[in-house]
Amino acid sequence: MIAESAALFPDIVIVRQPVSVCVPVHCKATLSVRAEGASVLSYQWFTSDDKNPNGPPLNVYGGTQADLTIEAKKSQGYVCRVNDIFSNCVFSEWVKVKVLDIGVSGLPLQWKGEPHIAINLKPQTVQLGEKITLRCVAFGNPAPKYEWYINGNLLCDKISDTLQIDRAMAEHKGTYMCSMSNVLQEIWSQAVEVNVVQNGQLPLSAHTAVDKVALLIGNLSYSHHPRLLAPMMDVHELSNLLQQLGFRVVSLLDLTKVEMLVAVDKFINLLDKGVYGLFYYAGHGFERAARNYLVPVDAPVPYRSENCLCVQRVMQSMQQRQTALSVILLDTCRKWYNQQCLPSTIMALEPKGNTVYGYATCEDAVAFEVQDGGKSTGIFTKYLNKHILQAEKVTHVLERVSEDLGRDPLVRGKQAVEIKHTLKEPRSLADPVRTSGYTKELHLREVCWRQANKLPRKKRLIFLCGVEVEVSFSALFSNVMVAFGIINTTGPKTDNCTIALSSIPPMEDIFSGPGRMEEMDSILFNKADCTLRVCGLQKLQESLVIKVDLHYTHMDSRARLTESLQVDIGEPMVASCKLYKTLQTKSPMKPYSASAQSTGKIAQCKNLADHTRAGPCRPFTRKAECGANVAVQRCNEPEENDENELHDFRCQF
């Protein structure tokens, strides 16, 4: 009916049709139509009815302008009707707003709509006659067009984001790539290999994992050390990539020592025989007596190993769980510190193999973070994220990272990747998960993992004045949540409605510092009526309450009024894991005092003010203090108790 109407009224001409878009969930998208006519034109936008796809389209509330701006919640079709004063009308073409509920890490801060890969290709090995399915998805405004290639030859009839071949033949074996383009830019996926083998001839050497579990920690908001910028974006982007590889990921920002110890303990308890375990850390660190130490956000100055987390203890605990692959990736400095002091003993385990260390830098050297494309990133993690999806032996992936970093002019001669491993088998982070025979254990890990990532359900609040507000939630990290407030309907006597969100108890916003707001916006990509970032959920020791304040003007009295409602959302996400609790067999940790712990003059490697002005030609170190400038008092050095034994907890992630 709509298509027929368009041909009846030639007096109105649409000179620019709206275009389809592909955007992240909660992103604001604008659809535009331009028309010419003999009189003043009016507009009304419609959307498809999900409940009745064959029925008439639904009016879009407030969609009466040539430009329609919406918050993308789900994929829907849209069309615009253009009217003149003579009751003539014409309809635009139908367009689709495709919404992807996946991470948006890496989008430029000022994204203009050029294609940006959200899901990249993965290699496959299939048997003759089986189905081949390759998927590559990109955000774009306009929505990207797709072209598929095999061995450099265009597949003419393949134009969607998914390439499907129902029956694999020998000629389908080869290298596949996908081109994604719109009027702004053309980009290419990574090239992947698809192998087609005879029935029953799948490679016997192919390795599988019982499960894949990853813990990512990024420390940036230090109390007594220079603050960092890069760990936020690095952890977020790496988390998205690891999820594409099938990992269950817990990502945490800004942990104290107690929280780091308990988080690692719970992570270790998710590991088991045959599981792939990956631990990643970005933040300040140092090296002492061939051991690496990770600095919590509450660590005092100067560095003391008892105030930090020992990496070798983490690997030892991972090995004790008989994992099939244990990987530790460290984007932190390794400057030697207080080498004269004797460390406590770590008993060596029997050589089990299949352990991998990937260090951002070599011994007694610093690791840098830089500005890259408008966002801060550790230069090691920048190249790690570039290659991590490759279905290659994990050490080969790290070698590619090392080669790229070695060619980077910003850090050439200053930073070099170091790789240590005991791999006995060519295992890859892209190895598939084999669940047969492990159903019970897999289910238990699934329950524990979901506990650390469970979001509150959407809430609908109706105020006395008749205004309806919807509060929804999204996870940025396992301990950082965003609440979105949207005014769904206004009341019969309300005008100029606005809302404000707050939490009870108040939670500190760690992203409010210089340079962080812009990077947070690139992750959040939301333009709701109101947003509230709730950070540090691991510190929550009671139910979290979201308070919604509605401000409006009464149409009759013109008085500005306020109404408030509250909703209890319990202990969301990692709050339910109670990371604030000290390990039960140890005494509670005393508060740190920077002045009481200081033993000498501290020379900072980079002034904090300089750090916030980082540019593409000014990489910055992740080393907070130079150990050489700290007075050594060996006789007063306490015996190390930093490597607290990681005891079993009933409550895992």
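Residues numbered from 1 in each chain as written. Predicted model: local features only at pLDDT ≥ 70, side-chain atom pairs only at ≥ 80, totals over all residues. Heavy atoms only, no water.

Now for the overall build of the protein. Broken down by element type, the protein carries ten helices and 39 strands. Buried positions account for 55% of the 653 residues belonging to the protein. Summed over all atoms, the accessible surface of the protein reaches about 29,200 Å², with 50% contributed by carbon and sulfur. (Helix = DSSP H or I, 4+ residues; strand = E, 2+ residues; numbered from the N terminus. Buried < 20%, exposed > 50% of the residue type's maximum accessible area, 1.4 Å probe, protein only. Areas by Shrake-Rupley, 256 points an atom, 1.4 Å probe, with all protein chains shown as cover.)

Turning our eyes to something else, we now look at the packing of helix 5 (residues 379-387) against helix 6 (residues 394-407). Packing of helix 5 against helix 6 leaves a shortest axis separation of 9 Å and a crossing angle of 130°. In terms of orientation, helix 5 and helix 6 fall into the oblique class. For the crossing formed where helix 5 meets helix 6, the hand is right-handed. Facing helix 5, whose interface residues are Ile379, Phe380, Tyr383, Leu384, Lys386 and His387, helix 6 presents Val397, Leu398, Arg400, Val401, Asp404 and Leu405. Taken together, the residues of the contact of helix 5 with helix 6 break down into eight nonpolar, one polar and three charged. (Axes fitted to C-alpha atoms, helices over the stretch in contact; angles between N-to-C directions. Parallel < 35°, antiparallel > 145°, perpendicular 65-115°, else oblique. Left-handed = near helix turned anticlockwise from the far one by under 90°. Contact = heavy atoms within 4.5 Å. Nonpolar A, V, L, I, M, F, W, Y, C, P; charged D, E, K, R; others polar.)

Glancing now at the packing of helix 3 (residues 257-269) against helix 4 (residues 311-320). Helix 4 packs onto helix 3 with a crossing angle of 20° between their chain directions and a minimal axis gap of 9 Å. Put simply, helix 3 runs roughly parallel to helix 4. Seen along the crossing, helix 3 lies across helix 4 with a hand that is right-handed. Contacts between helix 3 and helix 4 involve Val264, Phe267 and Ile268 from the first element and Val314, Ser317 and Met318 from the second. Residues belonging to the contact of helix 3 with helix 4 are distributed by class as follows: five nonpolar, one polar and no charged.

We now examine the sheet that holds strand 34 (residues 480-489). Sheet strands pair via backbone hydrogen bonds, and the direction of the pair is either parallel or antiparallel. Taken in spatial order, the four strands of this open sheet run 32-33-34-36, and their pairing is antiparallel. Lying at the two open borders of the sheet, with one neighbouring strand each, are strand 32 (459-462) and strand 36 (530-534). The average undirected angle you get between the axes of adjacent strands in this sheet is 25°. Here strand 33 (residues 468-477) runs beside strand 34; their pairing, made up of nine bridges, is antiparallel. The partner of Val469 across the bridge, within strand 34, is Ile487. (Pairing = 2+ DSSP bridges.)

The subject of this paragraph is unusual backbone geometry. Peptide bonds are mostly trans, and most non-glycine residues show a negative phi. For the bond from Asn141 to Pro142, the omega torsion is 5°, close enough to zero to count as cis. Relative to the helices and strands, Pro142 resides in the loop between strand 14 (137-139) and strand 15 (145-150). With omega at 0°, the peptide bond leading from Val301 into Pro302 counts as cis. Mapped onto the secondary structure, Pro302 falls in the loop between strand 25 (291-294) and strand 26 (309-310). In this structure, Asp254 takes a positive phi of about 55° despite not being glycine. Among the secondary structure elements, Asp254 is positioned in the loop between strand 22 (248-253) and helix 3. Phi is positive for Ala289, which is not a glycine, with a value near 50°.

Quick look at the environment of Asn385 now. Following the sequence through the fold, Asn385 ends up in helix 5. When its relative accessible area of 9% is taken as the criterion, Asn385 is described as buried. With 145 residues separating them along the chain, Asn385 and Asn240 place their C-alpha atoms 9.8 Å apart.

A few words now on the layout of surface pockets. In this structure, the second largest pocket spans a volume of roughly 1,200 Å³. Lining the second largest pocket are 40 residues, with Val60, Tyr61, Lys73, Ile486 and Asn488 sitting closest to its centre. Listed by contribution, the elements that provide at least two residues to the lining of the second largest pocket are strand 6 (58-59), strand 7 (67-71), strand 8 (76-83), strand 10 (95-100), strand 34 and strand 35 (494-504). No other element matches strand 7, which puts five residues into the lining of the second largest pocket. Class assignment of the residues belonging to the lining of the second largest pocket gives a composition of 14 nonpolar, 13 polar and 13 charged. (1 Å grid on protein atoms, 1.4 Å probe; cavity = no way out; pocket = protein on both sides within 12 Å on 5 of 7 lines; lining within 4 Å. Points joined across faces, edges and corners; volume = space filled by probe spheres on them.)

The subject of this paragraph is the pattern of salt bridges. Scanning all chains against the criterion turns up 19 salt bridges. The salt bridge involving Arg400 is made with Glu392; its shortest N-O contact spans 2.9 Å. A relative accessible area of 36% places Arg400 in the partly exposed class. Linked through salt bridges whose partners overlap, the residues forming this network are Lys73, Lys458, Arg460, Glu468 and Glu470. (Salt bridge = Lys/Arg side-chain N within 4 Å of Asp/Glu carboxyl O.)

The antiparallel open sheet is built from three strands, whose spatial order is 35-37-38. The open sheet terminates on both sides in strands that have one partner only, identified here as strand 35 and strand 38 (560-568). If you compare each strand with its neighbour and ignore which way they point, the axes differ by 20° on average. The pairing of strand 37 (residues 545-554) with strand 38 spans nine bridges and is classified as antiparallel. Paired with Leu550 across the two strands is Glu563, which belongs to strand 38.

Bringing the nonpolar core into the picture now. In a soluble, globular protein the nonpolar side chains are often hidden away together inside. Leu242, Leu278 and Phe279 are the most contacted members of the largest nonpolar core, which totals 124 residues. Among the elements that line this core, the one with the most residues is helix 3, at eight residues. Apart from residues no more than four positions distant in its own chain, Leu278 is found in contact with Val213, Ala214, Leu215, Leu216, Leu242, Phe247, Phe267, Met318, Val327, Leu329 and Leu429. Formed by 26 residues, the second largest nonpolar core is a distinct cluster that contains Cys22, Trp111, Ile132 and Trp148. (Core = buried A, V, L, I, M, F, W, Y, C linked by side-chain atoms within 4.5 Å.)

Our next topic: helix 6. Between the first and last C-alpha of helix 6 there are 21 Å, a value that for 14 residues agrees with the 20 Å anticipated at 1.5 Å per step. Of the residues making up helix 6, those classed as buried are Val394, Thr395, Val397, Leu398, Val401, Asp404 and Leu405. (Expected span 1.5 Å × (residues − 1).)

Taken together, the side chains of Val40, Ile85 and Phe86 make up a nonpolar region of the molecular surface, amounting to roughly 360 Å² of accessible area. Structurally, Ile85 can be placed in the loop between strand 8 and strand 9 (89-91). Given a relative accessible area of 60%, Ile85 falls into the exposed group. (Patch = residues over 30% accessible without salt bridge, like charges linked within 9 Å, V, L, I, M, F, W, Y side chains within 5 Å.)

Strand 23 (residues 276-282) sits mainly inside the fold: seven of its seven residues count as buried. The alternating pattern of strand 23 places Tyr276, Leu278, Tyr280 and Ala282 on one face and Gly277, Phe279 and Tyr281 on the opposite face, and all of these are buried. Here seven bridges tie strand 21 (residues 212-218) to strand 23, and the two strands are oriented parallel to one another. Within strand 23, the position partnered with Val213 by the bridge is Gly277. Note: strand 23 against strand 27 (residues 325-331), seven bridges, orientation parallel. Across the sheet, Tyr281 pairs through a bridge with Leu330, a residue of strand 27.

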